[in-house]
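Working through the structure, step by step
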Number of protein chains: 2
Amino acid sequence: MESPANTAAHSEHPLDLATRLEALGEGRFAGRIPETYSNFIGPFGGVLAAALLRAPCEHPARLGDPLALTVNFGGPVAPAPFEIAARATRTNRSSQHWTMEMQQGEDIPLTASAVFAHRRETWSTQESDPPPVPAPAEVPSIPGEGLPAWVANYDIRVVSGGMSLLADPPRDQASSETLLWVRDRPARALDFAALAALSDAFFPRLYVRRPRMVPVGTVSLTTYFHADSAELARCGGGFLLGRVRGQRFNKGFFDHSGALWAEDGTLLATTHQVVYYKE
Amino acid sequence: MESPANTAAHSEHPLDLATRLEALGEGRFAGRIPETYSNFIGPFGGVLAAALLRAPCEHPARLGDPLALTVNFGGPVAPAPFEIAARATRTNRSSQHWTMEMQQGEDIPLTASAVFAHRRETWSTQESDPPPVPAPAEVPSIPGEGLPAWVANYDIRVVSGGMSLLADPPRDQASSETLLWVRDRPARALDFAALAALSDAFFPRLYVRRPRMVPVGTVSLTTYFHADSAELARCGGGFLLGRVRGQRFNKGFFDHSGALWAEDGTLLATTHQVVYYKE
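Residues numbered from 1 in each chain as written. Chains lettered and ligands numbered in written order. Predicted model: local features only at pLDDT ≥ 70, side-chain atom pairs only at ≥ 80, totals over all residues. Heavy atoms only, no water.

A few points about the overall build of chain A
In plain terms, the rule: Where helices and strands are cited, they refer to DSSP runs of H or I of at least four residues and of E of at least two residues respectively, numbered from the N terminus. Burial here depends on accessible area, computed with a 1.4 Å probe over protein chains only, as a share of the maximum for the residue type. Under 20% is buried, over 50% is exposed, and the range in between is partly exposed. Any two residues whose heavy atoms approach within 4.5 Å are treated as being in contact. Note on areas: these come from Shrake-Rupley sampling with a 1.4 Å probe, and a residue is covered only by the protein chains present in the view. Think of it this way: Lys and Arg go in the positive column, Asp and Glu in the negative one, and His and the chain ends go nowhere. Note that the charge is assigned to NZ on lysines, CZ on arginines, CG on aspartates and CD on glutamates.
Within chain A, the secondary structure is distributed over five helices and 14 strands. Dimensions along the principal axes, computed over C-alpha positions, put chain A at roughly 55 × 45 × 35 Å. Scored against the burial criterion, the 279 residues of chain A give a buried share of 59%. Sequence separation of 24 or more characterises 70% of the internal contacts of chain A that already satisfy a separation of 6 or more. Looking at chain A as shown, the accessible area adds up to about 10,600 Å², and 53% of this sits on carbon and sulfur atoms. Considering chain A, the positive charge centre built from 25 side chains and the negative charge centre built from 30 side chains are found 6 Å apart.

Brief notes about the interface of chain B and chain A
What counts is decided by this rule: Put simply, buried area is how much 1.4 Å-probe accessible surface two parts lose in total, over both of them, once they are put together. Here, a salt bridge means any side-chain nitrogen of Lys or Arg that lies within 4 Å of a carboxyl oxygen of Asp or Glu. Residues adjacent in sequence count toward polar contacts only when both atoms are side-chain atoms; beyond that, a polar contact is any pair of N or O atoms within 3.5 Å, and within protein one must be able to donate a hydrogen and the other to accept it. Throughout this entry, Asp, Glu, Lys and Arg are counted as charged residues, while Ala, Val, Leu, Ile, Met, Phe, Trp, Tyr, Cys and Pro are counted as nonpolar. The remaining residues, Gly among them, count as polar. Two strands pair under a simple rule: DSSP has to find at least two bridges between them.
Between chain B and chain A, the residue contacts involve 70 residues of the former and 70 residues of the latter. Summed over both partners, the interface of chain B with chain A buries about 6,000 Å², with 48% contributed by carbon and sulfur atoms. When residues of chain B are sorted by the area they lose upon contact with chain A, Trp123, Glu127 and Lys251 of chain B head the list and together hold 15% of the total. Summed over the shared surface of chain B and chain A, the number is 14 salt bridges. Here lysine 251 of chain B ties to aspartate 228 of chain A by a salt bridge, and the two come within 2.8 Å at their closest N and O atoms. Where chain B touches chain A, the interface holds 54 residue pairs in polar contact (both at pLDDT 80 or more). Partitioned by chemical class, the residues of the side of chain B that touches chain A number 21 nonpolar, 30 polar and 19 charged. Strand direction decides the pairing type here: strand 12 (residues 248–250) of chain A and strand 7 (residues 125–126) of chain B, joined by two bridges, are antiparallel.

Considerations on the pattern of salt bridges
Within the structure shown, the criterion is met by 30 salt bridges over all chains. Between glutamate 231 of chain A and arginine 248 of chain B there is a salt bridge, with its nearest N and O atoms 2.8 Å apart. Separated into two different chains, glutamate 231 of chain A in helix 5 (residues 229–235) and arginine 248 of chain B in strand 12 (residues 248–250) make up a pair that spans both. As a salt-bridge pair, aspartate 155 of chain B and arginine 157 of chain B come within 3.0 Å of each other at their nearest N and O atoms. The same class applies to aspartate 155 of chain B and to arginine 157 of chain B, which are both buried.

Notes on unusual backbone geometry
Omega for the peptide link from aspartate 168 of chain A to proline 169 of chain A comes to -5°, which places this bond in the cis form. In this fold, proline 169 of chain A is placed in the loop between strand 8 (154–160) and strand 9 (178–184). The amide bond that connects arginine 185 of chain B to the next residue, proline 186 of chain B, takes the cis arrangement and shows omega of 0°. On the secondary structure map, proline 186 of chain B appears in the loop between strand 9 (178–184) and helix 3 (192–198). With a phi close to 50°, lysine 251 of chain A is a non-glycine residue in the positive phi region. With a phi close to 55°, glutamate 26 of chain B is a non-glycine residue in the positive phi region. Here glutamate 26 of chain B is to be found in the loop between strand 1 (22–25) and strand 2 (28–31).

A short note on the relation of the copies chain B and chain A
Each of the two chain copies can be brought onto the other by rotation about an axis and movement along it. What counts is decided by this rule: A least-squares superposition brings the copies together, and it is based on the C-alpha atoms of residues with pLDDT no lower than 70 in both.
Overlaying chain B with chain A gives an RMSD of 0.0 Å, the required rotation being 180° about an axis along which the chain moves by 0.0 Å. Here the copies are linked by what is in effect a two-fold axis.

Here's the deal with helix 2 (residues 45–57) of chain A
The element helix 2 of chain A is extensively covered by neighbouring structure, given that 12 of its 13 residues are classed as buried. Buried within helix 2 of chain A we find Gly45, Gly46, Val47, Leu48, Ala49, Ala50, Ala51, Leu52, Leu53, Arg54, Ala55 and Pro56 of chain A.

Some points on the side chain of serine 113 of chain A
Its location among the elements puts serine 113 of chain A in strand 6 (residues 107–117). Residue classification places serine 113 of chain A among the buried residues on the basis of a relative accessible area of 6%. Within polar-contact distance, the side chain of serine 113 of chain A engages the side chain of asparagine 72 of chain B at 2.9 Å. If sequence neighbours within four positions are ignored, serine 113 of chain A has contacts with Ala68, Leu69, Thr70, Trp98, Thr99 and Met100 of chain A together with Thr70 and Asn72 of chain B.

Function-wise, these values are silent; they only describe arrangement.
Set out below in C-alpha cells:
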C-alpha cells in the first residue's frame, strides 16, 4: 500500500488524463488517448477499455457499479480525437445494460457493452484463491526499454512465465501461464476504470510460448468485476496479483483467461480475451 | 458418434425449429422460441444465444466463421415473437464485427455482439487438454423430471460435481466444479449455433455449492469458438465434455468459466458468464 503522499490524485494521474471524457450530452462523450499510452498500433487496449467504461460511469442515468464489460476491437484507433456514444438499453430495479460505440469520423473501430448493478448483502464466498507467491518487494520490475510506450505507465513484476524472448537463451516454453504483480505507475488508488485497464495488462500469451515478436492484437475482451467500490477503495495504490493462461492457439487466434487479486487475496476481477496472431 | 440414421437432419431438429429466423431484410430477422425450450422464466439462455448468433450467420454480408459471441441478458424474453436487428459495425479483410439487439415491441431484453473471422494455417497448439473421465456410455443421463422444459432437449451425463440438492443427503459442497458429457437430444450434427447453445447448458454453480433452489439468472455470457466449421463437422452428433467452475460468489453475482471438448479431446469452445443470484 502506498502512503497517500506517493499516490497521485486522480485528477492528475496519467490514466485519468488519458481517459478523460468531455460530456457532449445525449450520451455522447469526446476524448483522445495520448501517445504515452500507445501500443504497437494505436493505443493500449486497456486504456481504451477504461475510456469506454467511463462513458456510462459518467452518464447521469447510471445505476450502480460495473459488473461486466466487453470490448470488441474492430480496427486501429487513430491518434486523433474520438467520440463515444453510450446508450442504456434496459434499466431494471438493481441492474442496467449499456452499449457503447467509439467513432472516429465514419469509422467505428470499437464497440462495447457493460452491465452495471447494485450489490446487496447475501451468502458470499470466494472459491478461487491466489497461489503462494513472493511479495511484490521481492520481485524486480520489468524494464520498459524496447517495449511499447504504455508499459511505462505500469509497474509489472513477473513472478513466473515471462516472455520467452527474454529467456536466456530465447526458447519455446510449454506453458503460457504467467503470474505477475502489477499496478499503475505512479501508483493510483484503484477504481473500476483502472481495473478495466489492468485487465488488459498481460503481455500476449503467444510471446510466452514462442520467442518471436510477431503481429498480435486483442479482438474481444471481457472482464467481470467481482468487487464493489468499497472493496476497490480498500486496495488503495497497492499491487494486484495476476494469473493468466491461454487454452488453445488455433489458425490465427488464441484465447486467454485471467484473474486479478488484491494483495490481501480478494478476487477483484476475472478477465478473458481472444487474440489475433500472425505466426 | 451417432450414425447418420440416428442424427436428425438440421431442418427437422428441435434446435433448428426453435431458432429458425425469417429474414425481413436490412439486417432484421423475426423468430420465436417455443415453450419446449423454456427455462424458469423465459426461454433457456443457450437457445437465445443460438438465435442471436444465427442472425449474422444468415446475413448476406457475413464473412467467415464465428470466433466470439457475447450476449447480455437484460430482462425476460416473453413467450411471443421477437425481432433481431443485426448490424456489421466493421468489416476487415479477414474479420468482421457485429452487434445484435433483440426487440419485443418497445422492449430490448437482449443485446449481443459477435466477431467472425477466416482462419488460416499457421503454428497452432492446444494447451488445455480434457481431464481423464469415463466414456459417455459409462455415465447415466440425468432425468429431466422436476427440471425446466429445456433440459429435455439435452442428454446431460454428470461425471462429477452434480447439484448439491440431489446429493443424499442434500448438503453444501466446497467446490463448484462440474465435469459432464452433453449433447443435443436427439443427437444433432454440431455447428456453431448448437455449440453456442451448449455453452450455456451448465446448471448454475450456486446449485452445486448450496442445496437450495433460489432465483438465479445469467446476466452476461461470452463464448470463444476455437474450432472452424470443418472441426465442428467432424464431431457429428457426438458428446462434448464440459468442465466448468465458479471463482467468486459475491453479494448477488457469481461468475463461471468453462471449456467444451470434443470426444477426441479437441478444445472446441471456452465460455464464461456472470450470474445473478438471490440467496
